[in-house]
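# Coordinate inspection notes
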Amino acid sequence: MLKINGLHVNYGPINALKGISIDIAEGKITAIIGANGSGKSTMLSAISGLIIPDQGEIYYKDTPIQTKPVEERVKRGIAHVMEGRRLFKDQSVHDNLLLGFYFRNSKENKKNMLKQITEVYERFPILGQKKHQLAGTLSGGQQQLLIISMAILSKPRLLLLDEPSLGLAPIVVDQVYQYLDELKAMGVTIIVSEQMAALAMRIADFGYVLERGKIVGKGDVQYLKSMMDSDEMSAVYFGEAKV
Ligand SMILES: Nc1ncnc2c1ncn2[C@@H]1O[C@H](COP(=O)(O)OP(=O)(O)OP(=O)(O)O)[C@@H](O)[C@H]1O
C-alpha cells in the first residue's frame, strides 16, 4: 500500500533520514521503533506531507505522492496524529470533533456526522462527559484521545500515529491500543511510532527499527521479539518492559 524508496530528509546540516526504504502492507499494523531523535517523526511527516523529502520516492497505492500537498494526501485517506498536541484549545471537545470532522470529510460522509461523533463518545466516555468543556482544559491523555478521535472521524485508509502512548496513563494506553486493533479489523492500515517497542509489539504485525536516520532492523513481530531478548539494542529500544 505504501512504499518508500531511498528517502533522505535534511534539516539544514542535520541528516534526519539517510536513505530509508520501507514497504507497508495493506490492512496491517507496522511499528516504527527508535530512540529519541532517530527520525520517526520525520518519516511520518514525510508520508503525510508536512515535510517534502530532499531525495527519494513515496508511493501510495502505486502513485508517487512525495511532492503532493497535505490536503491532497488527506483526501486520499492519509491521516496523521502528531506527537505534540494540535487542538483548538479554546473550543469545546464537541466543537473540536465537529471541526475535525467537517474539514476532513466528503459531502456524503457529512450526513452521518452526529451519529459518528456519538460513537466516539460511546467509545471514549470521558470525552462524552467533557464534551462541553474547553479542549485546552483536558488532561494530556484526554487531549490525545480527542486528537486520535478527530483523525479517525476522517475515515482514514492509512493512519499514522506518532508516539500515541506519550504522556498517557497505562489504562488509557491500553484503551488506545485496543482501539487500534479494532481499526485494523475494519481494514485500516496503521503505522505507529513508539520509543517503547514493547507497547507497539502488542499489536504490530511487522516492525522497523530506526537508528540515527537509518533502518537497522526489520522483521515480523516474532523476529523483533527475539531481538528484544537477545540483542544489545534491547536496553535502548525496549526498555525494561518485555511483552
Ligand atoms: N525542525 C527541525 N529542525 C532541525 N532539526 C530537526 C527538526 N526536527 C527534527 N530535527 C532533528 O532531526 C533528527 C530526527 O528527529 P525526529 O524528531 O524525526 O526523531 P524522532 O525519532 O521522532 O524523535 P522524538 O521521539 O524525539 O520525536 C533529530 O536529530 C532531530 O534533532
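Residues numbered from 1 in each chain as written. Predicted model: local features only at pLDDT ≥ 70, side-chain atom pairs only at ≥ 80, totals over all residues.

The name given to the protein in an unreviewed UniProt entry is ABC transporter-like protein, and the organism recorded there is Neobacillus vireti LMG 21834. Per its UniProt entry, the protein bears the Sequence similarities (unreviewed entry) comment "Belongs to the ABC transporter superfamily." (UniProt positions renumbered as here; feature names shortened; annotations may be inferred.)

The strand order across the open sheet formed by four strands is β2-β1-β4-β5, and the pairing between neighbours is antiparallel. The open sheet has two edge strands, β2 (14-24) and β5 (63-64), and neither has a second partner. (Pairing = 2+ DSSP bridges. Helix = DSSP H or I, 4+ residues; strand = E, 2+ residues; numbered from the N terminus.)

Right, let's get into the site of the ligand. Around the ligand, a shell composed of 13 residues is seen, among which Y11, A16, K40, S41 and T42 lie nearest. Looking at the shell around the ligand, the elements with two or more residues in it are β2 and α1 (40-48). For the shell around the ligand, the leading source of residues is α1, giving three residues. Across the shell around the ligand, the residue classes tally to three nonpolar, eight polar and two charged. (Near = placed C-beta within 6 Å. Nonpolar A, V, L, I, M, F, W, Y, C, P; charged D, E, K, R; others polar.)

With that settled, consider unusual backbone geometry. A positive phi angle, near 70 degrees, is found at D62, a position not held by glycine. Within the fold, D62 resides in the loop between β4 (55-60) and β5. Using a count of 7 C-beta atoms within 10 Å as the deciding quantity, one classes D62 as exposed. (Buried ≥ 20, exposed ≤ 12 C-beta atoms within 10 Å, placed from the backbone.)

With that out of the way, let us pick up the sheet that holds strand β9 (residues 206-211). Spatially, six strands are ordered β6-β7-β8-β3-β9-β10 in an open sheet, and the strand pairing comes out mixed. Here the strands that pair on one side only, and so sit at the sheet edges, are β6 (78-81) and β10 (214-220). Taking each pair of neighbouring strands and ignoring which way they run, the sheet shows an average axis angle of 15 degrees. By the bridge criterion, five bridges tie strand β3 (residues 29-34) to β9 in an arrangement that is parallel. Paired with I33 across the strands is V209, a residue of β9. (Axes fitted to C-alpha atoms, helices over the stretch in contact; angles between N-to-C directions.)

This part is about the pairing of β4. Pairing of strand β1 (residues 2-11) with β4 involves five bridges; the strand directions are antiparallel. In the sheet register, K3 faces β4, and the bridge partner there is Y59. The sheet contact formed by β4 and β5 spans two bridges and is antiparallel. By the bridge assignment, Y59 is partnered in β5 with P64. Hairpin remark: β4 followed by β5, antiparallel, with two residues in the connecting loop; positive phi at K61, about 50 degrees.

Attention shifts here to α1. Counted residue by residue, α1 has eight buried out of nine residues, so it is predominantly covered. Two residues or fewer past α1, G49 is found with a positive phi of approximately 100 degrees.

Turning our eyes to something else, we now look at the domain arrangement of the protein. Taken domain by domain, the protein consists of domain 1 (1-77 + 159-243) and domain 2 (86-155). Counting residues at the interface gives ten residues for domain 1, matched by ten residues for domain 2. Considering every element that reaches the side of domain 1 that touches domain 2, the biggest residue donor is helix α8 (residues 170-185), with four residues. Of the residues that constitute the side of domain 1 that touches domain 2, the class distribution is nine nonpolar, one polar and no charged. (Domains from an automatic or database assignment. Contact = placed C-beta atoms within 7 Å.)

What follows deals with helix α7 (residues 140-153). With 14 residues, α7 ought to run about 20 Å at 1.5 Å a step, and its terminal C-alpha atoms sit 20 Å apart, in line with that. The element α7 is largely enclosed, with a buried count of twelve among its 14 residues. Within α7, burial applies to Q142, Q143, Q144, L145, L146, I147, I148, S149, M150, A151, I152 and L153. Following α7 by one or two positions, K155 adopts a phi angle in the positive range, close to 50 degrees. (Expected span 1.5 Å × (residues − 1).)

In this structure, A46 sits in helix α1. Accessibility expressed as a C-beta count within 10 Å gives 25 for A46, which makes it buried. Taking C-alpha positions, A46 is 12 Å from G6, a pair spaced 40 residues apart along the chain. For A46, the residues in contact, after removing those within four places along its chain, are L7, V9, I51, P53 and I58.

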